[in-house]
Amino acid sequence: MTLLDAVLSLSEAPARDEALLRILRALAQATAADALSVLTAAEDGSVGVAAQIGLSPAALGLSFNPAEHPRLRRATLAAGPIRFLDPSEPDPYSGWLLGSAGEIHPIHACMAVPLRVQGRLAGLLTLDACDPHGLRGLRDEDARMFAGLCAGALRLDVGPGPALAAGARRADGGGALPGGSAAMRRIEREIAVLAPLSVPVLVTGETGVGKELVARALHERSPRASRALVIVNCAAIPAQLVESELFGHRKGAFTGATAARAGRFEAAHGGTIFLDEIGELPLAAQAQLLRALQEGEIQPVGEDRARRVEARVVAATNRDLRREVAEGRFRADLFHRLWVYPICVPPLRERREDIPALCERFAAEIAAELGAARVDFDEPALRALTEAGWPGNVRELKNAVERAVLRRMMAEGTGAAGRTLVLRREDVDDADEHGALARPGAPRIELPGERPWPAGEPPGAPAEPLVEALERARREAFARAFRAAGGNAAMAGRLLGVSRSFAYKEAVRLGLIPAPEPRRR
């Protein structure tokens, strides 16, 4: 992808997010960056990830308070590109880089460029490279040019009202839920009635059914749509930090509280707070939450006085809260306060007629990310997906579609840019790990207690040692990815789900590409 492609993205892309992704892909071709992102500025001063390459998919929608991140704070105040040279400053993306589960090494290349629209800060463009010299080839003038393109893309969403806050990006169709089953039509009617109101809503259903989509639709169709939608995964917060995370704390309230911090409820003031996995909240935090619901007040940790806050609460759980109340793990008064009107999202196996629409939605998303003209399904592939069990529901289906696209790219040995990919039956084989799409003739894995070998037949020796088999499979996977990516390490890394630097180093180790010549001093 060339700079011309990035410029054309502003006129050809149907939406802001696709334009941003195309621009980031063009920038990735011009640099050795392992991760690139565009963050958008919200009315409350926070910045949230709107588009990214090279980070974990979970990073999309992350929201940061610049006051708590020295690099982001300096970037929001800068007049132009800024390169961060102090290794003692923490990187906000540490732990989010693909292929790096731990902290990013302090010595790495990092820069940011403020994005301004009509003189006002609209967001940030950030670049990270694990190689300390990875961004040396990017001139400040080029960084300004790409930042200008990103700022232009942000204007695609400018409308009669303020832009949505970080973490409140519109779903396709203004929050429309995909699928036309009777169950989804019922949920659409419930959302239409509940969205204009301020009453709490509890969304229930199995893991992966799309409870967050319901929460987003409730927010985006409400009078609060121009304010923040703050998403909190209650299960991901350590128990000792739940109250601080939700309600904030004062400086010195506990060890490590070196500065006062506003909680998620204050960030959602005037908007909506979505408490996912609310059944995981400890009882102490449940008491505070009940007060916020009943009185509109929160009390930050370490403060004597309560603060007024006005935010609509949408909660979600995959637990049976009635049983949790009966067994003493969930407060009965909080349960009744949340159970004003529950919305139950049925599992995917009970609404199979929605699967084709979901597949088309996911195919369009991955086509935009890869720069493909279109991703289609042939009839056997779509039928196989529709008939599968999907115990992981919508989330599992989305992962299966993404894997199928990557399989098709590797099978054809070419990239996806500008092409139409047609997914076939063999591309979606093994998508259902529980056997609904098992390959014909595949060996059956015996369960404990079953007889693993026919009577009278001793087990045969493995064809090759495990270490050699794994190394061979690794070499084949990297070879296919680099062939599909046309030798581009960044794209190969994205196909494999690892960082560009890891993909490059591993390809050199495996002998797939030549090692770099040593630098002369």
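Structure: above.
Residues numbered from 1 in each chain as written. Predicted model: local features only at pLDDT ≥ 70, side-chain atom pairs only at ≥ 80, totals over all residues. Heavy atoms only, no water.

1. Focus on helix 7 (residues 211-220)
To keep it simple, the criterion reads: Any residue under 20% of the maximum accessible area for its type is buried, any over 50% is exposed, and the rest in between are partly exposed; the area is computed with a 1.4 Å probe on protein chains only. A run of H or I in DSSP counts as a helix once it spans at least four residues, and a run of E counts as a strand once it spans at least two, with each numbered from the N terminus.
Burial analysis of helix 7 places 8 of its 10 residues in the buried class, which makes it a mostly covered element. For helix 7, every residue scored as buried is listed here: Lys 211, Val 214, Ala 215, Arg 216, Ala 217, Leu 218, His 219 and Glu 220.

2. Some details on helix 15 (residues 393-412)
Convention followed: A helix is expected to span 1.5 Å multiplied by its residue count minus one.
Taking 1.5 Å per residue as the helical rise, helix 15 with its 20 residues ought to reach 28 Å, and the 29 Å between its terminal C-alpha atoms agrees with that figure. Taken together, the buried positions of helix 15 are occupied by Asn 393, Val 394, Glu 396, Leu 397, Ala 400, Val 401, Ala 404, Val 405, Arg 408, Met 409 and Met 410. The positive-phi residue at the C-terminal boundary of helix 15 is Gly 413, with phi of around 70°.

3. A short note on the environment of Gly 179
Where we set the bar: Here, residues are in contact when the closest pair of their heavy atoms is within 4.5 Å.
Summarising the element assignment, Gly 179 is placed in the loop between helix 5 (172-175) and helix 6 (182-194). Sequence spacing of Gly 179 and Ala 357 is 178 residues, and the spatial spacing of their C-alpha atoms is 5.6 Å. Not counting the four nearest positions on each side in its chain, Gly 179 is found in contact with Met 184, Asp 354 and Ala 357.

4. Focus: the sheet that holds strand 4 (residues 82-83)
Going by this rule: Two strands are counted as paired when DSSP detects at least two bridges linking them. Under this scheme, a helix contributes an axis fitted over its contacting stretch, all axes are lines through C-alpha atoms, and angles between N-to-C directions fall in the 0 to 180 degree range.
Reading across the sheet, the 6 strands line up as 3-2-1-6-5-4 and stay open at both edges, with antiparallel pairing between neighbours. With partners counted over all chains shown, the strands left at the sheet margins are strand 3 (63-64) and strand 4, one partner each. As paired elements, strand 1 (residues 35-41) and strand 2 (residues 47-53) share 6 bridges and run antiparallel to each other. Among the inter-strand pairings, Ala 41 is bridged to a residue of strand 2, identified as Val 47. Sheet strands touched by helix 2 (residues 16-30): strand 1, strand 2 and strand 6 (120-129). Its angle to strand 2, the strand with the most contacts, is close to 55°. In this fold helix 3 (residues 70-77) packs onto strand 2, strand 3, strand 4, strand 5 (109-117) and strand 6, with an angle of close to 40° to the strand it touches most, strand 5.

Coordinates in, geometry out; function isn't part of it.
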